[in-house]
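Okay, here's what each chain looks like letter by letter:
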Amino acid sequence: MTANHWIQIFLFVGVLLATVKPLGWFMSRVFQGQPCGLDRVLGPIERLFYRLAGVDPKSEMRWKSYAFAVMLFSVLGFAFVYLILRLQDRLPLNPQGFSANTPDSAFNTAVSFATNTNWQGYGGETTMSYLSQMLALSVQNFVSAATGIAVLIAVIRGFTRRSVETIGNFWVDLTRSTVYVLLPLSIVLALALVSQGVVQNFQPYQSVALVQPISMDEPVIGAGGTPSVDAEGNAITQKKVISEQQLPMGPAASQIAIKQLGTNGGGYFNVNSAHPYENPTPMSNFLQVLSILLIPGALCWTFGDMVGDRLQGWAILIAMLVIFVPLVIGVVGAEQSGVPSQIAMGVDEVASDMQSGGNMEGKELRFGIVNSGIWAAATTAASNGSVNSMHDSYTPLGGLVPMWLMQLGEVVFGGVGSGLYGMLMFAIVAVFVAGLMVGRTPEYLGKKIEAYEMKMAALVILIPPLVVLIGTAVAVSGLGLDYASGEDVKGNLNNPGAHGYSEVLYAFSSAGNNNGSAFAGLTANEPFYNSALGIAMWISRFWLMIPVLAIAGSLARKKYTPAGAGTLPTHNTLFVVLLVGAVLLVGALTFVPALALGPIVEHLQMTAM
Amino acid sequence: MTSKSRSLFDPHIVKQALLDSIRKLNPMRQLRNPVMFIVFIGSILTTGLGMHALSTGSSESPAFIFGVSAWLWFTVVFANFAEAMAEGRGKAQADSLRSSRRDVTARKLSEPRHGAQWQTIGASQLRREDVVIVEAGDMVPTDGEVIEGVASVNESAITGESAPVIRESGGDRSSVTGGTVVLSDWLIVRVTANPGETFLDRMISLIEGAKRQKTPNEIALDILLAAMTIIFLIVCVTLMPFSVYSVAAAGQGSPVTVTVLVALLVCLIPTTIGGLLSAIGIAGMDRMIQANVIATSGRAVEAAGDVDVLLLDKTGTITLGNRQAVELIPAPGVDILALADAAQLASLADETPEGRSIVVLAKEKYALRGRNINELHATFIAFSAQTRLSGVDLEDRRVRKGATDAIENFVRESGGGLPAEVRRTVEDISKRGGTPLVVADGKRTLGTIYLKDIVKGGMKERFGELRRMGIKTIMITGDNPLTAAAIAAEAGVDDFLAQATPEAKLKLIREHQAGGRLVAMTGDGTNDAPALAQADVAVAMNSGTQAAKEAGNMVDLDSNPTKLIEVVEIGKQLLMTRGALTTFSLANDVAKYFAIIPAAFASTYPVLSRLNVMHLATPASAILSAVIFNAIIIVILIPLALRGVKYRAVGADRLLRDNLLIYGLGGLIVPFPGIKLIDLLLVSMGLT
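J.: Would you mind showing me how to read empty space enclosed by the protein here?
T.: Take a probe with the size of a water molecule and roll it over the atoms, and the empty space left behind shows itself. All names here are of chain A. All told, the structure shown has seven cavities of 30 Å³ or more when counted by the stated rule. Here the largest cavity defines a volume of roughly 260 Å³. Along the wall of the largest cavity there are 25 residues; nearest its centre are Gly409, Glu410, Pro464, Asn513 and Leu544. Of all elements in the fold, only helix H14 (418-437), helix H15 (451-479), helix H17 (527-557) and helix H18 (573-608) reach the threshold of two or more residues within the lining of the largest cavity. Looking at side-chain class alone, the lining of the largest cavity contains 12 nonpolar, 11 polar and two charged residues.

Here it is in structure tokens:
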């Protein structure tokens, strides 16, 4: 790794840390209903929503009502997206005349966006009308993110409240997250992206002449619709010259802003932020990758502020960074090391002023290795899932890092709200074991951690790995391989062997942890993957939210135990070590065998050559 | 009950435990522990596979399958053995208790008075409210309350203490326990427990663990262990399709066998803590009993580890029961020797500890020898609650010592007055936490005796230790606030409650509990009962009243009020042992992966052998070594589970760091050499 790499990595982390306090402070004010500076402008809008919906912002909910509201809202959101996608051919703002989505694709996409996963089985510019992008997908980008934040705020209230039944009002938390946090930030980011050249219009796709026409051999299609062959059985081809290119258009910038800020990650275009209209410059790249971790990072500060001890928030943020930064360095280092077999053939993969060196396959030249690596780690640490390079083309270890970051349960930053509440569940388990080790019934933030909390926290930690492992097992047992289509075990897999397995594992790791990024290389827009991944996304979003809210309710009911000398401090280095240890140990113990048969064996094979 | 330190591996107990560990293979028993149940199922499954391999001649060597299977069975048996060992130690104690109960007959009185008619019946026929007479040499047939008589009683069967104690009607020494022996005189006892409900019965059933229920913490830990077990179950089950795919993709090798997967599963699930969990709990109760404390439930033992606030009675706990004379301060114009002489005279017949301490002081500090009482021809005036003074009348002298106001009255009656200097001395002594006694001879005030509460040796250190544990100590005393503050400062307690009434005690406990704190206290009197019932951890003195014993959730057989500190330590040890072994168990898994993963997939992906960092000989020896290590570690850790992890009062942070290093990092490292060693042994014995 060169000095340039180190500077870029630490610049990114430094700028991110600088944003934590101001944004964290702002959100803390917003969620405690205190003046935050934007009340004069946004207050009327907020109140208008309550009036329209007939919501009394003062009335509070018990955890069950809160969970019911979350579920109801998400199910309705899912149904709304599904209907639009199924009916998009009959709806306006469809200049390219795209047909309706297939039922399995619409199901998959609707679940994907309602669960803040944004796994994309479809290609945006070839399947989605402008209306679908804006009204179905963008709306979910906002509200699914806001739902995650709302649930987190409810959990924080569980810690701060004493001996009460209620944990807040979901509609209020949802509205305030959207109106005060996500909307203003998105407007600013969208304008900044437009300044860099991200498209934002309603024009139909543009045809432009190529500067350099290209020619290719095209198979001749016979009468039966199959490629014609000559007497020897070779395909008959004809020359074709291509001199024109279709340039996709649309309201991209507005959607990309919330895609990054809400840890959604669903690209406007198929290749996501690798597309020049979605992410044109290094500057737009920096802003986008920063906004991936912006809110998850700042929410740690909000958490500390709301529980009355800011060090508690910093401790969690530092734990996240302790996992994140080495893995960023790991992925950049792995990519920069290049591919031994290519180096053996005499390819120069050393970084220099003239070239980035290393493994550049699947990466954009305008980003190079370091900005691709930072993005790959950030997008999988957070449950964002947008990409600016093709993870499938990474070296085995470079590809292992993003996969493992997802498998850690999306708690290193994680989704907006969901990442932190997931991390708090790990904190509960870590504090439980640590509490035992110091001979005291464990407490976290003054609340005793008892059997009920353990049961719920265990569920939260248990479900994603189960979904990932079982999903992958079902897929590689045949259903996801499609033996019928060929003689070998390819079919849906574009790569044979261990790498094909890695692709399936990556897909389920992504869906099972609500990330949404794709390894690519897997033909996933077909009924099995659309349904299986859709179910995986639904389970790992809501079967986690419900136990998390149950903990919030149970904690709110408990008395507060003041800290003493026998209480385990949860804002110091030792706690950070413990929390990091818990996350890594669970992540490693659960996925080492699966990873051993995928990326690890690939790496050993690659370096054995 | 007398052997306080039973050797850890008493041959008799080990023999019984070995038998029991086989007996515990009953599936219904195994079902109670989900982790070990999985191992149990795995053992049965691999045995079946071995049989199948023998009869059909499968590709997998039957010897290997049976090797794995045998060690899985050992794993189950070792866990059973740990539990049986813990139970065995309790059983030995229960047996010795039970033997003290055999063939006791009781003399039931027809009416509750001495001399009434009685009839002989079996002790088991006694019911509550029956009245019995117990005479010298008799065994007290059951628990009861003395309603008439005074007697010395040998309670060694219960307490292990052979010095006899006095039991008498009324007051705080009125309760007697079944199984104890009256040594002298007689007692009329009203029975307070029906058969099967006596203290002895409760103790026996507790020790035997017959009524052992899982404690809240144990349940929470069980959930965590069950969750980890489910994760590892799925990890292992899904490895089968992964392996089948990999074989097809790589075009070589054969899929992983069920035997290997079962072996991997058993190695991964937390068998170390799962196997030792119930032994740890039983051993915790056992340690309490060894400390001569009987807890009514495991929950109480566990709560002891969480105590935040400790209420301690001043007298007898923090200070020696008696005040001692430490200084004589003469009135103006009085020779110190004259004062010493008078003070000694006034105390010669005073048999109270305070009186004796005055004689000792006069002898040691002023070289006044004790005088023969009979030669003095003196009339001694004993202390009474009305006069509040005591002394002696010689031919021409009337020497008195007593409370300030009592002496003031005395000298005034004799025609004198209390000098202002003496009054100042008295106030000064009170301020310093002492009790002043004024000495007068007729109308002349001679001076003041400074009686001091003597804080027991080592108390300051113990309170410092408690503070480091995070426990706040509060001294309870009937003294006035001035005196209380002085003693509190000297003893080093954090706070005090002066002029304490039972109501004030109860209020103090409630206040602390409302603030989310757990309160522990000790007590012996009936007036302590409400506070004992309110406290979270309440240790009643065995010498105390029945009411106090029933209100508490522990009984200290030694009636030693500082025992609470040990109780807290035992509670903490219990939790710490569980936490340490859980961490150790999970940390072990890393090494086991390095042993088993390369071995399991060696045929499919030979490159994975680079992960075989321990260079284990063959795939079979690698897997077997991991399984054997996993089984043996249970046995190695039995002593730790029974003794408990040592608790040191160094603050939570330091404790966690140390335990993380020992059990976390240690758990990570230890299996590497361990598994390697077993592998070397297997190879050298030609077993693979």
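J.: What am I meant to see in the interface of chain A and chain B here?
T.: Where the parts come together, the accessible area they lose is often given as the size of the interface. Taken together, the 60 residues of chain A in the interface contact 62 residues of chain B. Taking both partners together, chain A and chain B bury about 5,000 Å²; carbon and sulfur atoms supply 76% of that area. Arg440 of chain A serves as the salt-bridge partner of Asp308 of chain B, at 2.7 Å between the closest nitrogen and oxygen. Run the count over chain A and chain B and you get 11 residue pairs in polar contact (both at pLDDT 80 or more). Mapped by element, the contributors of at least two residues to the side of chain A that touches chain B are H14, H15, helix H16 (497-512) and H18 of chain A.

J.: Help me understand the packing of aromatic side chains, please; the structure alone is not making it clear to me.
T.: The relation between two aromatic rings is expressed through the spacing of the ring centres and the mutual angle of the planes. Under the defined criterion, the tally for this structure stands at 26 aromatic pairs over all chains. Taken together, the ring pairs in this structure connect Phe78, Tyr82, Phe107, Trp538 and Phe542 of chain A into an aromatic cluster. In this arrangement the basic side chain of Lys363 of chain A is found over the ring face of Tyr394 of chain A, its NZ or CZ atom lying 4.2 Å from the centre. Between the NZ or CZ atom of Arg107 of chain B and the centre of the ring of Trp118 of chain B, over which it lies, the distance is 5.0 Å.

J.: For this particular structure, what's the right way to read the sheet that holds strand S18 (residues 495-497) of chain B?
T.: Think of a sheet as strands paired side by side through backbone hydrogen bonds, with each pair either parallel or antiparallel. All names here are of chain B. Ordered in space as S9-S21-S20-S19-S10-S17-S18, the seven strands form an open sheet in which the pairing is mixed. The sheet is open, and its two borders are formed by strand S9 (293-295) and S18, each paired with just one other strand. Across the sheet, the mean angle from the axis of one strand to that of its neighbour is 20°, orientation sign disregarded. Here three bridges tie S9 to strand S21 (residues 554-556), and the two strands are oriented antiparallel to one another.

J.: Quick question: what am I supposed to make of the domain arrangement of chain A here?
T.: According to the domain assignment, chain A contains domain 1 (206-247) and domain 2 (416-608). For domain 1 of chain A versus domain 2 of chain A, the separation of C-alpha centres amounts to 46 Å.

J.: Whenever I open this one, the state of the cysteines confuses me. Can you help?
T.: Disulfides are covalent bonds that link the sulfur atoms of two cysteine residues. Scanning all chains against the criterion turns up zero disulfides over all chains. No disulfide involves Cys236 of chain B; its sulfur sits 9.3 Å from the nearest other cysteine sulfur, which is in Cys267 of chain B.

J.: Honestly, helix H8 (residues 258-268) of chain B in this entry has me stumped. Any pointers?
T.: Structural remark: α-helix, 3.6 residues per turn; residues separated by three or four positions point the same way. Counting buried positions over the 11 residues of H8 of chain B gives 10, a clear majority of the element. By the burial criterion, the buried members of H8 of chain B are Thr259, Val260, Leu261, Val262, Ala263, Leu264, Leu265, Val266, Cys267 and Leu268 of chain B.

J.: Hey, could you run me through the nonpolar core in this one?
T.: Core analysis: the largest hydrophobic core is formed by 330 residues, its most contacted members being Phe324 and Tyr444 of chain A. It is helix H20 (residues 563-600) of chain B that provides the largest number of residues to this core, a total of 18 residues. Counting 36 residues, the second largest nonpolar core, distinct from the first, contains Leu339, Leu376, Leu394 and Val438 of chain B.

J.: Can you walk me through the layout of surface pockets in this structure?
T.: Within this model, the largest pocket holds a volume of roughly 750 Å³. In terms of lining residues, the largest pocket is bounded by 33 residues, among which Gly581, Ala582 and Leu585 of chain A together with Thr583 and Leu660 of chain B are the most central. Of all the secondary structure elements, the ones that give two or more residues to the lining of the largest pocket are H14, H15 and H18 of chain A together with helix H7 (216-250), H20 and helix H22 (652-669) of chain B. Here the lining of the largest pocket takes nine residues from H18 of chain A, the largest share from any one element. Its residues assigned to classes, the lining of the largest pocket shows 28 nonpolar, four polar and one charged.

J.: Explain the pairing of strand S10 (residues 309-313) of chain B to me, please; I cannot follow it from the model alone.
T.: Regular strands have side chains that alternate between both faces of the sheet. Residues and elements named next belong to chain B. Most of S10 is tucked away: four of the five residues are buried. Of the pairings in the sheet, the one linking S10 to strand S17 (residues 472-476) comprises five bridges and is parallel in character. Residue pairing for S17: Val309 is matched across the bridge by Lys472. Pairing of S10 with strand S19 (residues 519-523) involves three bridges; the strand directions are parallel. For Leu310, the partnering residue across the bridge sits in S19 and is Ala520.

Conventions and cut-offs
Residues numbered from 1 in each chain as written. Chains lettered and ligands numbered in written order. Predicted model: local features only at pLDDT ≥ 70, side-chain atom pairs only at ≥ 80, totals over all residues. Heavy atoms only, no water. 1 Å grid on protein atoms, 1.4 Å probe; cavity = no way out; pocket = protein on both sides within 12 Å on 5 of 7 lines; lining within 4 Å. Points joined across faces, edges and corners; volume = space filled by probe spheres on them. Helix = DSSP H or I, 4+ residues; strand = E, 2+ residues; numbered from the N terminus. Nonpolar A, V, L, I, M, F, W, Y, C, P; charged D, E, K, R; others polar. Contact = heavy atoms within 4.5 Å. Buried area = accessible area lost by both parts, 1.4 Å probe. Salt bridge = Lys/Arg side-chain N within 4 Å of Asp/Glu carboxyl O. Polar contact = N/O pair within 3.5 Å; in protein donor to acceptor, adjacent residues only side chain to side chain. Phe/Tyr/Trp six-rings, centres within 6.5 Å; stacked < 30°, edge-to-face > 60°. Lys NZ or Arg CZ within 6 Å of the ring centre and 35° of its normal. Pairing = 2+ DSSP bridges. Axes fitted to C-alpha atoms, helices over the stretch in contact; angles between N-to-C directions. Domains from an automatic or database assignment. Disulfide = S-S within 2.5 Å. Buried < 20%, exposed > 50% of the residue type's maximum accessible area, 1.4 Å probe, protein only. Core = buried A, V, L, I, M, F, W, Y, C linked by side-chain atoms within 4.5 Å.

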